[in-house]
Amino acid sequence: DGGITQSPKYLFRKEGQNVTLSCEQNLNHDAMYWYRQDPGQGLRLIYYSQIVNDFQKGDIAEGYSVSREKKESFPLTVTSAQKNPTAFYLCASSAVRAGEKLFFGSGTQLSVL
Amino acid sequence: AQSVTQLDSQVPVFEEAPVELRCNYSSSVSVYLFWYVQYPNQGLQLLLKYLSGSTLVKGINGFEAEFNKSQTSFHLRKPSVHISDTAEYFCAVSAYNYQLIWGAGTKLIIKP
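What you are looking at is a predicted structure, and each value in this text was computed from that prediction instead of being measured. (Residues numbered from 1 in each chain as written. Chains lettered and ligands numbered in written order. Predicted model: local features only at pLDDT ≥ 70, side-chain atom pairs only at ≥ 80, totals over all residues. Heavy atoms only, no water.)

Enquirer: I keep staring at the overall build of chain B and nothing clicks. Help me out?
Expert: Of regular secondary structure, chain B possesses 0 helices and 12 strands. The helix and strand sequence of chain B, counted from the amino end, reads β-β-β-β-β-β-β-β-β-β-β-β. Over its C-alpha trace chain B gives a radius of gyration of 13 Å, about what one expects of a compact globule, namely 13 Å for 112 residues. Viewed in the frame of its principal axes, chain B has a C-alpha envelope of about 40 × 30 × 20 Å. Per-residue burial over chain B gives 46% buried out of 112 residues. Taking contacts inside chain B between residues at least 6 apart in sequence as the whole, the part at least 24 apart equals 55%. Taken as a whole, chain B presents about 5,500 Å² of accessible surface, with 51% of it coming from carbon and sulfur. Between the centroid of the 8 positive side chains of chain B and the centroid of its 8 negative side chains there is a distance of 6 Å. (Helix = DSSP H or I, 4+ residues; strand = E, 2+ residues; numbered from the N terminus. Rg over C-alpha atoms; globule rule 2.2 N^0.38 Å. Buried < 20%, exposed > 50% of the residue type's maximum accessible area, 1.4 Å probe, protein only. Contact = heavy atoms within 4.5 Å. Areas by Shrake-Rupley, 256 points an atom, 1.4 Å probe, with all protein chains shown as cover. Lys, Arg positive; Asp, Glu negative; His and termini not counted. Charge placed at Lys NZ, Arg CZ, Asp CG, Glu CD.)

Structure representation (structure tokens):
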């Protein structure tokens, strides 16, 4: 079945540590996205990519980094510069066409130890 | 710039009663409109979308929404809710740059 897979489901970060969240899709989508979800705030865009080897900052990119070396993969690194990383992180993908729907992974809950 | 306002953070409703979740947007250009649903501890999935044409859009699970251009609204409705509809519902808007602007979400609470 085609879909989008995020791992791990739960992740804990120690002070000063970088952690990487995985996102893989087999939908042959060109566009991939990372969102952060905090209670009562909806979804905020961290980074997005519409083509391999290219990505753009979203609204809250500070303290995060990404790479897009393969069409299928779009990992997100939460760096030690992100001082408030506790949140639910969602990865999504879509075709690059107006009005296309997003397909979402099941999310990663990141907490600080 | 576009923005999306979901007027209610929570909507409690009795099982088998009708429900309306409200969404208003602001935009100076034509937009595409979406409703997504998020069940607890899961990702989001598309309920329905409006791109053009008929202003009444039908989606999955018996939901429908009506696009009202003059009132810049896209309210979501269901005539009879079930306990399985308990979830958070997000309204979103996109314009020419394809990027989605999200509302803050409305939690639908079904009372038995």
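There is more to say after this.
Enquirer: Can you help me understand the interface of chain B and chain A in this one?
Expert: Interface size is commonly expressed as the accessible area that is lost once the parts come together. Contact residues are listed per partner, giving 19 residues for chain B and 23 residues for chain A. Buried area between chain B and chain A, summed over both chains or domains, comes out near 1,600 Å², and the portion from carbon and sulfur atoms is 59%. At the junction of chain B and chain A, the tally comes to 0 salt bridges. Counting the contacts that link chain B with chain A gives 4 residue pairs in polar contact (both at pLDDT 80 or more). The dominant element in the side of chain B that touches chain A, judged by the number of residues it contributes, is strand β5 (residues 32–38) of chain B, at 4 residues. Each residue belonging to the side of chain B that touches chain A can be placed in one class, and the counts come to 11 nonpolar, 6 polar and 2 charged. (Buried area = accessible area lost by both parts, 1.4 Å probe. Salt bridge = Lys/Arg side-chain N within 4 Å of Asp/Glu carboxyl O. Polar contact = N/O pair within 3.5 Å; in protein donor to acceptor, adjacent residues only side chain to side chain. Nonpolar A, V, L, I, M, F, W, Y, C, P; charged D, E, K, R; others polar.)

Distances and angles like these do not, on their own, reveal function.
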